[in-house]
Number of protein chains: 4
Amino acid sequence: MADVLFRVDLNKPMEEQETPGHNRWHPDIPATVSVNPGTEFRMECKDWTDGQIQNNDDPSDIRDVNLHRVHVLSGPVWVNGAEPGDLLVVDILDIGTFAESQWGFNGIFAKQNGGGFLTDHYPDAAKSIWDFHGIYATSRHIPGVKFAGILHPGLIGTAPSHALLDKWNKREKELVAKNPDRVPGLANLPSPDSAVLGSLKGEKFNRIAREAARTVPPREHGGNCDIKNLSKGTRIYFPVFVDGAKLSLGDLHFSQGDGEISFCGGIEMAGWVDLHVDLIKGGMAKYNIIENPVFKPGPVDPHYSEFLVFEGISVHETTGEQHYLDAHIAYRRACLNAIDYLKTTMGLTGEQAYMLLSTAPVEGRISGIVDVPNACCTLWIPTSIFDRDILPS
Amino acid sequence: MADVLFRVDLNKPMEEQETPGHNRWHPDIPATVSVNPGTEFRMECKDWTDGQIQNNDDPSDIRDVNLHRVHVLSGPVWVNGAEPGDLLVVDILDIGTFAESQWGFNGIFAKQNGGGFLTDHYPDAAKSIWDFHGIYATSRHIPGVKFAGILHPGLIGTAPSHALLDKWNKREKELVAKNPDRVPGLANLPSPDSAVLGSLKGEKFNRIAREAARTVPPREHGGNCDIKNLSKGTRIYFPVFVDGAKLSLGDLHFSQGDGEISFCGGIEMAGWVDLHVDLIKGGMAKYNIIENPVFKPGPVDPHYSEFLVFEGISVHETTGEQHYLDAHIAYRRACLNAIDYLKTTMGLTGEQAYMLLSTAPVEGRISGIVDVPNACCTLWIPTSIFDRDILPS
Amino acid sequence: MADVLFRVDLNKPMEEQETPGHNRWHPDIPATVSVNPGTEFRMECKDWTDGQIQNNDDPSDIRDVNLHRVHVLSGPVWVNGAEPGDLLVVDILDIGTFAESQWGFNGIFAKQNGGGFLTDHYPDAAKSIWDFHGIYATSRHIPGVKFAGILHPGLIGTAPSHALLDKWNKREKELVAKNPDRVPGLANLPSPDSAVLGSLKGEKFNRIAREAARTVPPREHGGNCDIKNLSKGTRIYFPVFVDGAKLSLGDLHFSQGDGEISFCGGIEMAGWVDLHVDLIKGGMAKYNIIENPVFKPGPVDPHYSEFLVFEGISVHETTGEQHYLDAHIAYRRACLNAIDYLKTTMGLTGEQAYMLLSTAPVEGRISGIVDVPNACCTLWIPTSIFDRDILPS
Amino acid sequence: MADVLFRVDLNKPMEEQETPGHNRWHPDIPATVSVNPGTEFRMECKDWTDGQIQNNDDPSDIRDVNLHRVHVLSGPVWVNGAEPGDLLVVDILDIGTFAESQWGFNGIFAKQNGGGFLTDHYPDAAKSIWDFHGIYATSRHIPGVKFAGILHPGLIGTAPSHALLDKWNKREKELVAKNPDRVPGLANLPSPDSAVLGSLKGEKFNRIAREAARTVPPREHGGNCDIKNLSKGTRIYFPVFVDGAKLSLGDLHFSQGDGEISFCGGIEMAGWVDLHVDLIKGGMAKYNIIENPVFKPGPVDPHYSEFLVFEGISVHETTGEQHYLDAHIAYRRACLNAIDYLKTTMGLTGEQAYMLLSTAPVEGRISGIVDVPNACCTLWIPTSIFDRDILPS
C-alpha cells in the first residue's frame with residue numbers, strides 16, 4: 001500500500017492532529033511533507049466540516065454548523081522540483097472509506113447559515129445520513145433509492161501565488177461590496193475565525209489568517225470544484241503557481257450530483273485518497289493551460305444507460321421574469337421540475353428530493369446557451385437508482 | 001416506411017412548398033395534417049435558415065443571413081384526441097438525411113447579425129461545411145477531426161395556448177426594454193418580417209404575424225431546446241396546451257455540442273424524422289409535468305469512454321470581475337480554455353476550434369453551482385474525434 | 001449519397017438481376033464493378049435466401065427453404081491496386097433498409113432441412129416476423145420485447161485464392177467423410193444446384209459451380225462470420241488473397257444475438273450498405289494478419305448497462321456426459337438455461353425464446369476455458385428489451 | 001465495515017489458519033460460521049495456491065506448483081434458513097486487497113504440470129508479477145500495458161448435495177477413463193493429497209477427502225467459473241442444494257481476461273470480499289433456475305469504447321483439420337491471431353502476449369455457432385490498455 005503521508009484522527013479537530021492541515025489558501029502555509037515526482041502515497045482526510053455532523057436523525061448540527069471551519073484540508077504536499085509554470089500531473093489512484101466510519105451525510109443548510117441552490121424554496125435545515133454497503137449507498141432518510149458511489153475529493157488544488165491570492169481577495173471583496181448584507185453572503189472573505197493554518201502560530205498565523213482565502217469557491221488552481229468525476233483513476237493536470245506546487249485536498253464525497261445543489265453537499269465523508277504525482281516542466285505554456293486544471297476522467301465511474309431528463313429555461317420560477325441566457329436559473333428550473341416529478345412518482349418530500357439530487361449521480365448539462373433569451377439546462381437522473389419504474393406510462 | 005405527412009422541396013422557400021410550414025409559434029396556425037395516437041409517420045424538414053447557406057467556402061451568406069426567416073418548421077401536426085392537460089408522448093423513431101443533400105453547415109454569426117456565445121471574442125462571420133460519410137462527418141474547413149453524428153431536431157414542440165403566448169410576449173418585451181439597442185438583441189420580439197404561417201393569408205396572416213412568438217428560444221412547450229440528445233430512439237413527454245397538441249419540428253442537426261455555442265449552430269442540415277405519437281390523458285397533472293418536456297434518451301447515441309475535460313469559473317475573462325454563481329460565464333471560460341488548448345495541440349485557429357466545440361459531441365456540465373461565488377462548469381471533449389493523441393505528455 | 005454500385009430488384013431472383021451477384025466463393029467469379037481506394041459507394045443486398053421467405057404467419061416457407069440458394073451476395077467489387085498480401089481496409093459507413101421492405105424474418109429450420117444450435121430440442125420449423133419502427137424492432141410473434149437494431153452484414157469477405165479454395169474443399173470434404181449421412185450435414189460441399197455465379201455461363205459456369213465453396217461457414221477471408229458487431233461505423237482489415245481483392249457481402253441483419261443460434265438466423269432483411277475502401281500495401285506481413293480479418297467496432301451500437309446473465313458448462317444436457325472444455329456445449333447449456341427462465345418469467349414458448357435469443361442483442365461469452373473439464377460460457381441478456389422487470393425477486 | 005467472519009494469515013498455510021477453510025467440495029465439510037439472511041460480512045481469502053508463488057522473477061515456483069493444494073477457499077458460510085430448492089441471493093458489495101500484499105501473479109503452467117489453453121504452443125513455465133497502483137495494475141514483466149482492475153472471486157459457490165457430488169464424480173471419472181494417461185489430465189479426480197477440509201480430522205477427514213470433488217471446474221453450484229464480471233456490485237442467484245447453502249469462495253483476481261486462458265490464471269491475489277446474503281424461498285422452481293447460477297453484473301466495471309477484435313474459426317492451427325462448430329478451437333485461433341499481432345505491434349514475446357490475454361480485461365465472444373462447419377469466436381482487446389496506438393495504419 002502507498003505510504004500514508006498525512007494521517008488523521010477522526011476524534012480530534014484538525015488543529016490538534018499530530019500534523020495539522022489547513023482550511024485556508026495561502027502560499028505561506030508550510031508544506032507538511034515533500035515527495036518526489038513519481039511517488040505514490042496516501043492522504044487521509046476528515047470530512048469537510050471537521051467532524052461537526054453526527055450520525056443521527058437530528059438536523060440541528062446542520063443548522064448550527066460553524067462554516068468558518070470549512071474545508072479542513074490535508075496537506076500541503078511539496079513536490080520536489082515543481083516550479084511556477086509547470087503542470088503538476090496528479091493521478092487519483094484510489095479513494096476509500098475508513099472501516100470505522102461507514103457512513104456519510106448530506107443536508108440542507110438553513111438560509112440563515114449557508115443556504116444552497118434552492119434556499120428560497122427550502123430555507124430550513126435538514127439532514128440525511130447515508131450508509132455505505134461496499135460500493136453502494138442507501139439512506140434511512142430517503143427511502144426507495146440505492147446507488148453505487150462515485151468517490152472523489154470535492155476539493156483538490158495547488159497553492160496560489162501571492163499575486164493570485166491578491167487577485168482573488170480583490171475581486172471577491174468587490175463582489176461582496178455590491179450587497180454586503182445579503183444572506184447568504186455573496187462570497188466569504190478572509191477571516192481568522194476558526195482558521196487552521198498547519199503548524200503556523202503566533203504573529204505569522206495572525207497575518208496569514210487575515211490574508212488567506214477561504215476555501216469555498218473553485219478558482220484558477222482548482223480548489224473546491226466539486227466535480228463528481230474527479231474519481232478513481234482520474235488524471236488531473238494542475239497549473240503550478242508556487243515552488244513545490246503545494247497540493248492539498250479534502251472534502252471527500254462518496255457520491256454527488258452535478259451541481260452539488262444542496263451545498264451540504266454530496267455524501268460527505270472522511271476517508272483516504274491514494275495519489276501519484278508527476279511533473280511536466282514548463283507545461284503551462286506548452287499546453288496553454290493557464291488558469292484552470294484540465295483532467296481525464298477515470299474508467300470505473302458507475303455507468304448507466306437509461307436516464308429520465310428534466311429541462312429548465314431561464315425564466316424565474318416565482319416572478320416569471322425573463323432572464324438572458326442565465327444557465328443558473330435554467331438549471332434551477334430543471335431541478336425544481338425534477339423535484340415536482342419525484343414528489344409525485346416516488347412520494348418523496350421536497351426536501352428529500354432536493355437532497356437526493358444533491359447526492360445521487362445525476363448529470364447537469366448546459367444543453368443550449370445561445371437561443372436568446374433562454375438558456376436550456378437539463379438534469380439527467382439514472383432511472384436504475386430507484387426501486388421501481390418511475391417513467392410516465 | 002412510415003408515410004410522409006410533410007414533404008419539402010429543397011429548391012423552394014417554405015412559403016412556396018406544396019404545404020407550407022411555419023416559422024413562428026401561435027395557437028392559430030392551422031395544422032397541416034392530423035394523426036391518431038399510435039401512428040408512425042415521417043416529417044421532412046428544410047434546414048433552419050430555409051436554404052440560405054450554400055455548400056462553398058464563402059462565409060458571406062452566414063454574415064448576411066436573414067434571421068427573420070428562422071426557424072422554418074414542419075407541421076403543425078394535429079393529434080386526434082389531444083387536449084390541454086394531456087401529455088403527448090413522441091418517439092423519435094429515426095432521423096436521416098436526403099440522398100441529394102449529404103452535407104451540413106456550421107458558422108459563426110457576425111456580432112452585428114446574430115452573434116453567439118463567444119461573439120465578443122470572435123465577432124466576424126465564418127463558415128464550416130461538413131460532409132457526411134454514412135454515420136460520420138468531416139469538414140474540409142476543420143482538419144484532423146472526424147466523428148459520428150448524433151442526429152436530432154434542434155427544435156420540436158407543441159403549440160402554446162393564447163395565454164402562454166401572451167406570457168412569452170410580455171416577459172420577453174420587458175427584457176428587451178431593459179436595453180433595446182443592444183447588439184445582438186436581448187430577445188427577438190414578434191415581427192411580420194419574413195414570417196411564414198402555413199396556409200394563412202390576408203388579414204388573419206397579418207394579425208397572427210404580429211402576435212406570434214419567434215422560434216429562437218426554448219420555452220415551456222419545448223421548442224428550440226437544442227438538446228443534442230433528442231436523438232434516435234428518444235421518447236419525449238410534451239405538455240399539451242391546445243386541442244390537437246399541434247406538434248411542429250425542424251432545425252435538424254447532424255451533430256451538435258452541448259450549448260450549440262456558435263448559435264449557427266450544430267451541423268445544420270435538411271432531412272427527415274420518423275415519429276410515433278401517443279397520449280397520456282391528463283398526464284400533466286398526474287405526473288406533475290407542467291412547464292417543460294421530460295425525455296428518456298435513446299440507446300444508440302455514440303458512446304465514448306475517454307474525454308479531456310476543461311474547467312471554467314465565473315470570473316469574467318476580460319475584466320476579471322467576480323460574478324456570483326454565473327454558470328453562463330463559467331461555461332464560457334471552460335470553452336475558451338478548450339479553444340486555447342486546441343489551438344496549441346491541434347494547430348487550429350480560434351474560429352476553427354470555436355466551430356468544432358459547437359458541432360462535435362462535446363458535453364457541457366454544471367459541475368458545481370453552490371460554491372460561492374464561483375460556479376464551476378466543465379466541457380468534455382471525447383478524445384477519439386481527433387486523428388492524433390491530444391493529451392499532455 | 002454514395003453512388004450505388006450494385007443494385008437489386010427485390011422482385012427478381014439473383015440470377016435475373018440486371019447485374020447478378022453470386023452465392024458461391026471462387027476466385028474466378030468475375031467482379032461486377034471496380035473502385036479506387038478511397039471511394040465511398042453503396043451496395044444493395046437481397047436477403048440471404050433470395051426472397052424465399054414471406055411476411056406472413058405460415059412457417060412452411062422456412063420448413064421448405066432451398067438452402068442451396070444461400071447466401072446470395074452482392075459483388076464482387078474489384079479494388080484497383082489490391083494484390084495478395086495487402087490489407088483491404090473496409091469502413092462500414094452506414095447500413096439501412098429499403099422503404100418498401102420494413103420487415104425481416106427469423107425462424108427455426110427443421111432438423112431435416114438446415115437445423116440449428118438447438119435442433120435436437122426444437123426440431124420443427126417456426127417463423128417470427130419482425131417489424132421495423134425506425135431504429136426499433138418488434139415481432140407480432142414474440143410479445144413483450146422491443147429493442148434497437150444493430151444492423152450489420154452477416155457475411156462480408158474477400159475472394160479466396162485457388163490455393164485457399166482447394167484447402168477449404170479438402171478439409172471440409174474430409175470432415176463430411178467422417179459421417180456422410182448425418183442430418184443436418186457436417187458441412188456443405190460444392191454443389192451446382194442453385195448456384196449463381198454472376199455473369200458466368202456455359203462450361204465455365206459448370207466448372208466453377210463444381211469447384212466453388214459454399215458460403216455457409218466463415219473462413220480465413222471473413223465470409224459468413226455473423227459477427228453482430230460488424231455494424232455501423234466499423235472498420236475491418238481484410239487479408240487480400242487475389243488481385244483486386246474481390247469483396248462481396250450480403251446476409252444483412254437488422255439485429256442478431258451472439259451465436260445466431262437459430263441459424264435462420266438474425267433478423268434477416270434486404271437493405272443496403274455504404275462502404276469506404278482503402279489499402280495497406282503489404283499489410284498482411286507488416287501486421288501479421290494472415291488468416292482472419294481484424295476489426296475495430298463502430299461507436300453507435302446500442303448500449304446497455306443492465307444484463308441478466310446465464311451460465312452453462314460442458315456437460316451434455318441430455319446424457320449427462322462430461323465433455324472436455326467444450327465451449328459449444330457450455331454455450332448451448334447457457335442458452336437452454338435462459339430459455340427455461342424466459343418461459344417462466346415472460347410466458348414465452350420454448351420456440352419463441354429460442355428465436356428471441358437468436359435475434360435480440362444478447363452477448364455470448366467464453367468466460368472460462370481452462371478449468372478442466374468444464375468450459376463455462378455465459379449468455380448476457382440486456383434487461384431493458386423486455387416490457388417488464390424480469391429479475392428474480 | 002462489515003464484520004470479518006473469515007480471517008486469513010498470509011504467512012500460514014490454510015490448514016494452520018485459526019479457522020481453516022477447505023480446498024475440496026463436499027456436503028459434509030462443516031460450516032465455519034453462520035449468518036442470517038440480510039447480513040453483510042467480510043470474507044478474507046488467500047490466493048488460490050495457498051501462497052506458493054513468490055513476488056520475484058523466477059518462474060520455478062510456477063513450474064513446480066503443487067496443484068493438489070488448489071483452490072484454498074474461505075468458508076463454508078451457513079445461511080440460516082436456507083434449504084434445498086431455495087435461491088441464495090449473494091451481493092458482492094466490494095472486493096479489496098490487503099495493504100501488505102499489493103501485488104498479484106500470473107503465469108504459464110508447464111505442460112507437464114497443469115498446462116493451459118495454449119499449452120501445445122507454450123509448454124514451458126513462465127511468470128509475470130503485477131503491481132497494484134490503486135485501481136490500476138502494471139507488470140514489470142510485460143511492458144507497455146496498464147489497465148484498471150476488475151476484481152472478482154474466480155470461485156464462488158454453494159455446497160453440492162451428496163447426490164450432486166456423486167454425479168460429478170461419476171461423470172468425471174468416466175471422462176478420465178477415456179484417456180487416463182493424458183498430460184495434462186482430462187479431469188482431476190478426488191485425491192486426499194494436500195486436501196484441506198476445514199476442521200475435519202481423523203477417519204472422517206480420510207473418508208471425505210477420498211470422496212470430495214476437486215475445485216478446478218465450474219459445476220452446477222457455480223464454483224470455479226472464472227467469470228471476470230462477478231465483480232463489485234454484482235448480484236448472484238445460487239441454487240441451494242444443502243441445508244444452510246454452505247457458501248464458499250476464493251481464487252480472487254485483480255483482473256482477468258475472458259477464458260482465463262493461461263489457467264494460472266488471472267492476476268491472482270489474496271484479498272477480501274464483502275458480501276450480503278438473502279434468500280428466495282423455493283426460488284429454484286419458481287424461476288426455473290435449476291442447474292447453474294444466474295447473475296446481474298455490477299455497475300462499476302471498467303468501461304471501454306474502443307476495441308481491436310480478432311477472429312478465429314474452428315480449423316486446427318497445426319494440422320489444418322476441419323472441426324465441427326468447435327468454439328474451443330475457434331477461440332484458441334482468435335487468441336493465437338491476437339498474439340501474432342501483439343508480437344509485431346507491441347514487440348512482446350509470445351509468452352508475454354499469452355499472459356497479457358489471460359490478465360487484461362479482454363472479452364471472448366461466441367460470435368457465430370451455427371455456420372457449419374465453422375464456429376467463429378472473437379477476442380476483444382480494449383485498445384486503451386496500451387501506451388501506444390496499436391491499430392494498423
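Residues numbered from 1 in each chain as written. Chains lettered and ligands numbered in written order. Predicted model: local features only at pLDDT ≥ 70, side-chain atom pairs only at ≥ 80, totals over all residues.

S.K.: If you had to explain the packing of helix α5 (residues 327-346) of chain C against helix α6 (residues 350-359) of chain C to someone new, which residues and values would you point to?
M.R.: Residue and element names in this part refer to chain C. Running from N to C, α5 and α6 point in directions that differ by 125°, and their axes come no closer than 9 Å. Classed by the angle they form, the pair α5 and α6 counts as oblique. Between α5 and α6 lies a crossing whose hand is right-handed. When α5 is examined against α6, the residues Cys335, Ala338, Ile339, Leu342 and Lys343 are found in contact with a partner set consisting of Gly350, Ala353, Tyr354, Leu356 and Leu357. Class assignment of the residues belonging to the contact of α5 with α6 gives a composition of eight nonpolar, one polar and one charged. (Axes fitted to C-alpha atoms, helices over the stretch in contact; angles between N-to-C directions. Helix = DSSP H or I, 4+ residues; strand = E, 2+ residues; numbered from the N terminus. Parallel < 35°, antiparallel > 145°, perpendicular 65-115°, else oblique. Left-handed = near helix turned anticlockwise from the far one by under 90°. Contact = placed C-beta atoms within 7 Å. Nonpolar A, V, L, I, M, F, W, Y, C, P; charged D, E, K, R; others polar.)

S.K.: Summarise the relation of the copies chain D and chain C; cite the residues concerned and give the values.
M.R.: Between the two copies of this chain, the relationship is a rotation about some axis together with a displacement along it. For the pair chain D and chain C, the best superposition has an RMSD of 0.0 Å and corresponds to a rotation of 180° with a translation of 0.0 Å parallel to the axis. Within this description, the copies of the chain are treated as partners about a two-fold rotation axis. Distance from the rotation axis, computed per C-alpha, reaches its smallest value in chain D at Arg365 of chain D: 2.2 Å. A symmetric contact is evident, with 100% of the interface residues of chain D recurring at the interface of chain C. (Least-squares fit on C-alpha atoms with pLDDT ≥ 70 in both.)

S.K.: Any details on the interface of chain B and chain A? Residues and values, ideally.
M.R.: At the interface, 81 residues of chain B touch 80 residues of chain A. Breaking the side of chain B that touches chain A down by element, the ones donating at least two residues are α2 (162-178), β13 (218-219), α4 (283-287), β19 (294-296), β20 (307-313), α5 (327-346), β21 (363-368) and β22 (376-382) of chain B. Examining the composition of the side of chain B that touches chain A, we find that nine residues originate from one element, α5 of chain B, more than from any other. Grouping the constituent residues of the side of chain B that touches chain A by class yields 43 nonpolar, 20 polar and 18 charged.

S.K.: Help me get a handle on the pairing of strand β7 (residues 126-133) of chain A, residues and values and all.
M.R.: Looking down a regular strand, the side chains alternate between one sheet face and the other. All names here are of chain A. Here strand β6 (residues 103-108) runs beside β7; their pairing, made up of six bridges, is antiparallel. Bridge pairing links Gly104 to Trp130 in β7. Pairing geometry for β7 and strand β8 (residues 136-139), over four bridges, is antiparallel. The residue bridging Phe132 from the neighbouring strand is Ala137, located in β8. Linkage of β7 to β8, two consecutive antiparallel strands, is achieved through a turn of two residues, within which Gly134 is found at a positive phi near 60°. (Pairing = 2+ DSSP bridges.)

S.K.: Which residues make up the domain arrangement of chain A, and what values go with them?
M.R.: All names here are of chain A. As assigned here, chain A comprises domain 1 (3-296) and domain 2 (307-385). For domain 1 and domain 2, the distance between their C-alpha centroids amounts to 26 Å. Within the residue set of the side of domain 1 that touches domain 2, elements represented by two or more residues are β6, β7, β9 (142-148) and β15 (263-268). At five residues, the largest contribution of residues to the side of domain 1 that touches domain 2 is made by β9. For the side of domain 1 that touches domain 2, the residue count by class is 12 nonpolar, nine polar and four charged. (Domains from an automatic or database assignment.)

S.K.: Quick rundown of the relation of the copies chain B and chain A? Include the residues and the values.
M.R.: Its rotation angle being 180°, the transformation that places chain B on chain A also includes 0.0 Å of axial translation and leaves an RMSD of 0.0 Å. Residue by residue, 99% of the interface of chain B is reproduced at the interface of chain A, so both copies engage with the same surface.

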